[in-house]
Amino acid sequence: MAETNMMASSKGSVNSFAGKKVWITGHKGMLGSAVVRSFANEGAKLLLTSHAELDLTDQAAVLAWMEENRPELIFHVGAKVGGIHANATLPADFLRDNLMIQSNVINGAHRVGVQKLVFVASNCTYPTKAQQPISEDALLTGPLDDSIRAYAVGKIAGIELCRAYRKQYGCNFISVIPPNLYGPGDNYHPQHSHVVAGILRRTHEAKVGGKSEFVVWGDGTPRRELLHVDDLADAMKYIMLAPATHDLYNVGCSHDLGISELATIIAKVIGFEGKIVYDTSKLNGTMCKLLDSSRIRSLGWKPKIEEKAGLRSAYEDFLHLLQTPEARARIG
Ligand code: GDP
């Protein structure tokens, strides 16, 4: 144990990814695959484990794998994720799985002396009535939105675990909080997807089905800040290399839009001119959660992907998925 602690506290800064053993957990998901894509020319040795190879909820298996493979840097992306409906209906699954996965990966990172770890949290960790734009200091200052509380508590526990290992053992573990993500590799499940994928799919189906309208959940008034996954992947790598002094960074694009505006933009991208109908039996969730991203901006990072271009690329990805039977089966 003493030896492990010494390793943890003697870590210097990371200057380059070249030759480094980098573990990206959850590499098959939307964000994980974006992080993998971003490593095309870095000369790093990527460690990738599918769920079949390593179940991240299995404490003994995770530790054994880490001891054998000795990652030096970790992008901890792997988590059970889903949209507002999935979170409202499967709270036990979200909280249990994420608590187990985080504990195993973060404790394992300490045990094997990982040089630096970046953990991905979520904007739902902030209080539902937090002052906008929401600064990192708002964490744990008020009640959470009921629709997403279990998932949020899990992610807050992950942030606090990183902080605790920093404080107690000097581990260089940092958390990032993104806004609502979208992009290639999204989950288009009719019930479990996030807002962009959900609206994109239903608008596309309305268009090809010759319908005159498409349905948007809630009343259209909540506001959401969007970020393309490639921008978040870029920011996480930036933080890995930067002399980041804080343990928590918001990573947003610094503007939000109403769900009704978002639906209008998506309809334009898809080329559907029908009417938007609101299903108010579905949850609105938190009304707004615009992040204050000045902390990461002060490190010199900013997003590169403009919303409309990003949404177009997301739609192209969806169309691409529809071309193969396996992918069609995967999107449900
Ligand atoms: P959240 O930001 O954590 O609430 O996650 P979501 O990405 O699921 O966004 C939920 C917001 O988008 C709520 O205000 C929903 O009412 C609204 N929304 C509108 N249409 C959809 C849809 O098709 N899927 C989802 N997930 N949300 C939708």
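Everything below is about the structure shown above.
Given the structure is predicted, the values throughout are model-derived calculations rather than measurements. (Residues numbered from 1 in each chain as written. Predicted model: local features only at pLDDT ≥ 70, side-chain atom pairs only at ≥ 80, totals over all residues. Heavy atoms only, no water.)

Participant: Give a description of the site of the ligand that names residues and reports values.
Facilitator: Surrounding the ligand, one finds 19 residues, the nearest of these being Asn180, Arg202, Arg224, Leu283 and Asn284. In this structure, Asn180 approaches the ligand through a side-chain N or O atom, which is 2.9 Å from an oxygen atom. Arg202 is positioned with one of its side-chain polar atoms (N or O) 2.7 Å from an oxygen atom of the ligand. Look at the ligand: alone it shows 540 Å² of surface, and the protein chains cover 97% of it. Breaking the shell around the ligand down by element, the ones donating at least two residues are helix H7 (195-208) and strand E7 (213-217). In terms of residue count, H7 provides more of the shell around the ligand than any other element does, 4 residues in total. (Near = heavy atom within 4 Å. Polar contact = N/O pair within 3.5 Å; in protein donor to acceptor, adjacent residues only side chain to side chain. Areas by Shrake-Rupley, 256 points an atom, 1.4 Å probe, with all protein chains shown as cover. Helix = DSSP H or I, 4+ residues; strand = E, 2+ residues; numbered from the N terminus.)

Participant: I'd like to hear about the sheet that holds strand E4 (residues 116-120), residue by residue, with values.
Facilitator: Strands sit in the order E2-E1-E3-E4-E5-E9 across an open sheet of 6 strands; the sheet is parallel. Where the open sheet ends on each side, the last strands, each with one partner, are strand E2 (45-47) and strand E9 (248-250). Between one strand axis and the next, the sheet turns through 20° on average, direction left out of account. The sheet contact formed by strand E1 (residues 21-25) and strand E3 (residues 73-76) spans 4 bridges and is parallel. Bridge pairing links Trp23 to Ile74 in E3. Sheet strands in contact with helix H5 (residues 91-111) are E1, E3, E4 and strand E5 (173-177), and its direction is about 170° off that of E3. Those strands touched by helix H8 (residues 229-241) are E3, E4, E5 and E9, and its axis lies near 150° from that of E4. (Pairing = 2+ DSSP bridges. Axes fitted to C-alpha atoms, helices over the stretch in contact; angles between N-to-C directions. Contact = heavy atoms within 4.5 Å.)

Participant: Run through the pattern of salt bridges, naming residues and quoting values.
Facilitator: Scanning the model with the defined rule gives 14 salt bridges in all. The salt bridge partner of Arg223 is Asp256, with a shortest N-O separation of 3.1 Å. With Arg223 in strand E8 (residues 223-228) and Asp256 in strand E10 (residues 256-258), this pair connects stretches of sequence that are 33 residues apart. Given a relative accessible area of 17%, Asp256 falls into the buried group. (Salt bridge = Lys/Arg side-chain N within 4 Å of Asp/Glu carboxyl O. Buried < 20%, exposed > 50% of the residue type's maximum accessible area, 1.4 Å probe, protein only.)

Participant: Could you give me a rundown of the nonpolar core, with the residues and numbers involved?
Facilitator: By size, the foremost hydrophobic cluster in this structure holds 39 residues, and its most contacted members are Trp23, Met66, Ile74, Leu117, Tyr126 and Phe173. For this core, the secondary-structure elements that each account for two or more residues are helix H3 (59-69), H5, E4, helix H6 (149-169) and E5. Examining the composition of this core, we find that 7 residues originate from one element, H6, more than from any other. Excluding residues that lie within four positions of it along the chain, Ile74 makes contacts with Trp23, Thr25, Met66, Val105, Ala109, Val114, Lys116, Leu117, Val118 and Met240. Formed by 31 residues, the second largest nonpolar core is a distinct cluster that contains Val120, Leu227, Ala235 and Ile296. (Core = buried A, V, L, I, M, F, W, Y, C linked by side-chain atoms within 4.5 Å.)

Participant: If you had to explain H8 to someone new, which residues and values would you point to?
Facilitator: Between the first and last C-alpha of H8 there are 19 Å, a value that for 13 residues agrees with the 18 Å anticipated at 1.5 Å per step. When we look at burial in H8, the residues that qualify are Val229, Asp231, Leu232, Ala233, Ala235, Met236, Lys237, Ile239 and Met240. (Expected span 1.5 Å × (residues − 1).)

Participant: For the environment of Ser33, give the residues involved together with the corresponding values.
Facilitator: You can see Ser33 is positioned in helix H2 (residues 30-38). C-alpha of Ser33 to C-alpha of Ala242: the two residues are 209 residues apart in sequence and 22 Å apart in space. The contacts of Ser33, once residues within four sequence positions are left out, are His27 and Lys28. Looking at Ser33, its side chain comes within polar contact range of the main-chain oxygen of Met30, at 3.2 Å.

Participant: Describe the sheet that holds E10, with residues and values.
Facilitator: Strand order in this open sheet of 3 strands is E6-E8-E10, and the pairing throughout is mixed. Each of the sheet's edge strands pairs with one partner strand only, and the pair in question is strand E6 (180-182) and E10. The average undirected angle you get between the axes of adjacent strands in this sheet is 45°. As paired strands, E6 and E8 are joined by 3 bridges and run parallel to one another. Along E8, the bridge assignment pairs Asn180 with Leu226. Where H8 meets the sheet, its contacts fall on E6 and E8, and the angle it forms with E8 comes to roughly 70°. Across the sheet, helix H9 (residues 259-270) lies against E8 and E10, angled at about 90° from E10, the strand it touches most.

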